[in-house]
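Here is what each chain is made of, one letter per residue.
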Amino acid sequence: MLYGVFADVHANLEALAAVLDFFTASRVEGHICCGDVVGYGPDPDECVARVRALKKLVIVCGNHDLAAIGRIDIDWFNHYARTAALWTRGALSNESRAYLERLTARCDRKDFTVVHGTPRRPADEYLLSVALFKNNMSRVGAWPLFCGHSHIPTSFHCTAGGKVELIFPEDRQIVTGEIAPYGIVPVAYNPGSVGQPRDHDKRAACALWNSEARTFRVHRLAYDVAVTQGKIRQVGLPEHLALRLACGQ
Ligand code: ZN
């Protein structure tokens, strides 16, 4: 089965539209969303509506989704994230808020697991080191594990010798699971961020996971960043949130 995998949309409708068009053109049969549909960006309600409408969707909540519905303390958020979270609360419709309230912190399927951060701390831990991967292994039921939160496409593999490797796709285009079998051996994937990439590539990130061929491929899609920046300024969100989109940070 071919899945479209995505995370960290962050209320960026132009980036989300590019990703969903790509999924449609790729004829995906299911969708996996690793959380943070809202926060930072200017179109939270529209993005929730587009995500809600997806067929065969497995989705978890992220820390910014929780912030938008008042479920976590935002005192520890940085200034920009806090400002955006408070603005987002007022921009969500009752339907979108109710949808976010129904999301859970993890989803366990028979052939994969989904969280936003890590299984140990779904709302705030970044899976960005082999040590953290190992510390979380016992908390995963079915592999692979799909996660988001760092906004950086990454891949963890167990080699034949039992060693765990962390891979950042060098060409920022493609990661493949073919170099190590998975399903029974632990593998974790992060598709990067749709709406606020932080790997110095401004294009929207997403991935295709083929559960039979055992491949996970990261794709980067150009979208009109200037349109999103204009909306950020129009609604009065911090200028920094517009500028960072142009440099992928
Ligand atoms: Zn995020």
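The rules behind the values
Residues numbered from 1 in each chain as written. Predicted model: local features only at pLDDT ≥ 70, side-chain atom pairs only at ≥ 80, totals over all residues. Heavy atoms only, no water. Donors = N, O, S within 2.8 Å, 3.2 Å for Na, K, Ca; no water. Tetrahedral: all angles 85-135°; square planar, octahedral: opposite > 155°, others 65-115°. Helix = DSSP H or I, 4+ residues; strand = E, 2+ residues; numbered from the N terminus. Pairing = 2+ DSSP bridges. Axes fitted to C-alpha atoms, helices over the stretch in contact; angles between N-to-C directions. Buried < 20%, exposed > 50% of the residue type's maximum accessible area, 1.4 Å probe, protein only. Arc of directions from axis to C-beta. Contact = heavy atoms within 4.5 Å. Parallel < 35°, antiparallel > 145°, perpendicular 65-115°, else oblique. Left-handed = near helix turned anticlockwise from the far one by under 90°. Nonpolar A, V, L, I, M, F, W, Y, C, P; charged D, E, K, R; others polar.

A look at the coordination of the zinc ion
Angles at a metal have ideal values that depend on geometry: 109.5 degrees with four tetrahedral donors, 90 or 180 degrees with six octahedral donors.
Link 1 in the chain: Coordination of the zinc ion by the protein involves Asp-8 (OD), His-10 (NE2), Asp-36 (OD) and His-151 (NE2), with metal-donor separations of 2.1 to 2.4 Å.
Link 2 in the chain: For the zinc ion, the four donor atoms in the first shell make angles of 88 to 177° at the metal, so the coordination geometry reads as irregular.
Link 3 in the chain: Here the donor residues of the zinc ion share one chain and are spaced in sequence as D-x1-H-x25-D-x114-H. Of this pair, His-10 sits in the loop between strand S1 (2-6) and helix H1 (13-25) while His-151 sits in the loop between strand S6 (145-146) and strand S7 (154-158), placing them 141 residues apart in sequence.

Here we look at the sheet that holds strand S5 (residues 113-115)
Link 1 in the chain: Strands sit in the order S4-S5-S6-S9-S7-S8 across an open sheet of six strands; the sheet is mixed. The sheet terminates laterally at strand S4 (106-108) and strand S8 (164-167), the two strands that pair on one side only.
Link 2 in the chain: The pairing of S5 with S6 spans two bridges and is parallel. Counterpart to Val-114 in the pairing with S6 is Phe-146.

Notes on the sheet that holds strand S10 (residues 204-210)
Link 1 in the chain: Across the sheet, five strands lie side by side as S3-S2-S1-S10-S11; this open sheet has mixed pairing. Each having just a single partner strand, strand S3 (57-59) and strand S11 (215-221) make up the two edges of the open sheet. Averaged over all neighbouring strand pairs, the angle between strand axes comes to 20°, with direction disregarded.
Link 2 in the chain: Where S1 and strand S2 (residues 30-33) come together, four bridges link them in parallel fashion. Each residue of the ladder has a partner; that of Tyr-3, found in S2, is Gly-30.

Some points on helix H2 (residues 44-52)
Link 1 in the chain: Looking at H2, one finds that the buried residues are Pro-44, Cys-47, Val-48 and Val-51. Axial view of H2: buried residues confined to an arc of 100°, hence all on one face.
Link 2 in the chain: The elements touched by buried residues of H2 are S1, H1, S3, helix H4 (79-91) and helix H5 (94-102).

Quick notes on H5
Link 1 in the chain: Turning to H5, its buried residues number three or more, namely Ser-96, Tyr-99 and Leu-100. When H5 is viewed along its axis, its buried side chains cluster within an angular range of 95° and face the same direction. Exposed side chains of H5 directed beyond 90 degrees from the buried face belong to Asn-94 and Arg-102.
Link 2 in the chain: Taken together, the buried residues of H5 touch H2, S3 and helix H3 (63-68).

Some thoughts on the packing of H2 against H5
In a packed pair of helices, the relevant descriptors are the angle between the two axes and the axis-to-axis distance.
Link 1 in the chain: Two elements in contact, H2 and H5, have axes whose closest approach is 10 Å; the angle formed by their N-to-C orientations is 60°. Classed by the angle they form, the pair H2 and H5 counts as oblique. Judged by the sense of rotation from one axis to the other, the crossing of H2 with H5 is left-handed. Taking contact as the criterion, the partners of Asp-45, Val-48, Val-51 and Arg-52 in H2 are, on H5, Glu-95, Ser-96, Tyr-99 and Leu-100.
Link 2 in the chain: Class assignment for the residues of the contact of H2 with H5 results in four nonpolar, one polar and three charged.

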